[in-house]
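Chains, contacts and geometry: an overview
Here's the letter readout for the chains.
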Amino acid sequence: MIFSKVTDLIGNTPVIQLPLTQADSRLYIKVEKNNPGGSMKDRMARNMIVAALKSGRIQPGGTIVESSSGNTGIGLALASIEFGLKFIAVVDHHAAQDKISIMRALGSEIRYVKGDYGENEVAVIERQRMAAEIASEISGAVFMNQSDNAANAGGYADLVSEIVHQIGRVDAWVGCIGTGGSITGIAHGLKIHITSQEQEHQKGIRLV
Ligand SMILES: Cc1ncc(COP(=O)(O)O)c(C=O)c1O
């Protein structure tokens, strides 16, 4: 397939099956690093931007401000380019340099959180406060607020369809939690799928 936009490369990531000794169990890894920004966060970043544009919360030419030291920021930076938006990332002082360099290379502005935070401290609350403040000071800017944005969890619907298509039955999903958006969206989608699978199964039993 030939694509015209980098964000068209989001999703359809491959699955690797790991060897297991128990014959009745199967373990898979969904290789989300294959998304163009290098993580699953590309999915929710694009979805939050699309939702904000659809609702009129932001207009083309506007500015997105978000607190992120890494993957969400890269996803927002990527999608911002394609949707004609500017992106300002509010990051910790000790944020990974490679993530910051990628955001800068994608044209994002980087603002470091104010305050005296140690290497082992993540200043999430202050970063969010600062992002909201910056957005309120710029005309046409919005604080994306991934921690309180339904389009975060909503951005994982395709991932669920992919898993169901690639694997079929899923008994357990293992993920990590930051905002809780991905686990919420994936759990919600899998629950709908499992419920409909069970209903089909019940129908089958009745027919027999
Ligand atoms: C690669 C990756 N996976 C998962 C998470 C956690 O995601 P969520 O914010 O949806 O809980 C993060 C960020 O915290 C991440 O960067």
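Look above for the structure.
Okay, so let's go over this structure. (Residues numbered from 1 in each chain as written. Predicted model: local features only at pLDDT ≥ 70, side-chain atom pairs only at ≥ 80, totals over all residues. Heavy atoms only, no water.)

Our focus in this paragraph is the site of the ligand. What surrounds the ligand is the set Ser-39, Lys-41, Asn-71, Cys-176, Ile-177, Gly-178, Thr-179, Gly-180, Gly-181 and Ser-182. The separation between an oxygen atom of the ligand and a polar side-chain atom of Lys-41 is 2.7 Å. Note that an oxygen atom of the ligand is positioned 2.6 Å from one of the side-chain N or O atoms of Thr-179. Look at the ligand: alone it shows 400 Å² of surface, and the protein chains cover 74% of it. Across the shell around the ligand, the residue classes tally to two nonpolar, seven polar and one charged. (Near = heavy atom within 4 Å. Polar contact = N/O pair within 3.5 Å; in protein donor to acceptor, adjacent residues only side chain to side chain. Areas by Shrake-Rupley, 256 points an atom, 1.4 Å probe, with all protein chains shown as cover. Nonpolar A, V, L, I, M, F, W, Y, C, P; charged D, E, K, R; others polar.)

So, on to the pattern of salt bridges. Following the criterion strictly, the structure yields nine salt bridges and no others. In this structure, Glu-162 and Lys-30 form a salt bridge, with 2.8 Å as the shortest nitrogen-oxygen distance. In this pair, Glu-162 is assigned in helix H6 (residues 157–167) and Lys-30 in strand S2 (residues 27–30), connecting sequence segments 132 residues apart. For the pair Glu-162 and Lys-30, one class covers both residues: buried. As a salt-bridge pair, Asp-171 and Arg-169 come within 2.7 Å of each other at their nearest N and O atoms. (Salt bridge = Lys/Arg side-chain N within 4 Å of Asp/Glu carboxyl O. Helix = DSSP H or I, 4+ residues; strand = E, 2+ residues; numbered from the N terminus. Buried < 20%, exposed > 50% of the residue type's maximum accessible area, 1.4 Å probe, protein only.)

Our next topic: helix H4 (residues 124–137). Along an α-helix, a turn takes 3.6 residues, which lines up residues three or four apart on a common side. Between its first and last C-alpha, H4 extends 20 Å over 14 residues, near the 20 Å set by a 1.5 Å rise per residue. When H4 is considered as a whole, its buried residues turn out to be Glu-126, Arg-127, Met-130, Ala-131, Ile-134 and Ala-135. Projected onto a plane normal to the axis of H4, the buried residues spread over an arc of 165° and lie on a single side. Exposed residues pointing more than 90 degrees away from the buried face of H4 are listed as Ile-125 and Ser-136. On its buried face, H4 is in contact with strand S3 (63–67), strand S4 (86–91), strand S5 (109–112) and strand S6 (141–143). (Expected span 1.5 Å × (residues − 1). Arc of directions from axis to C-beta. Contact = heavy atoms within 4.5 Å.)

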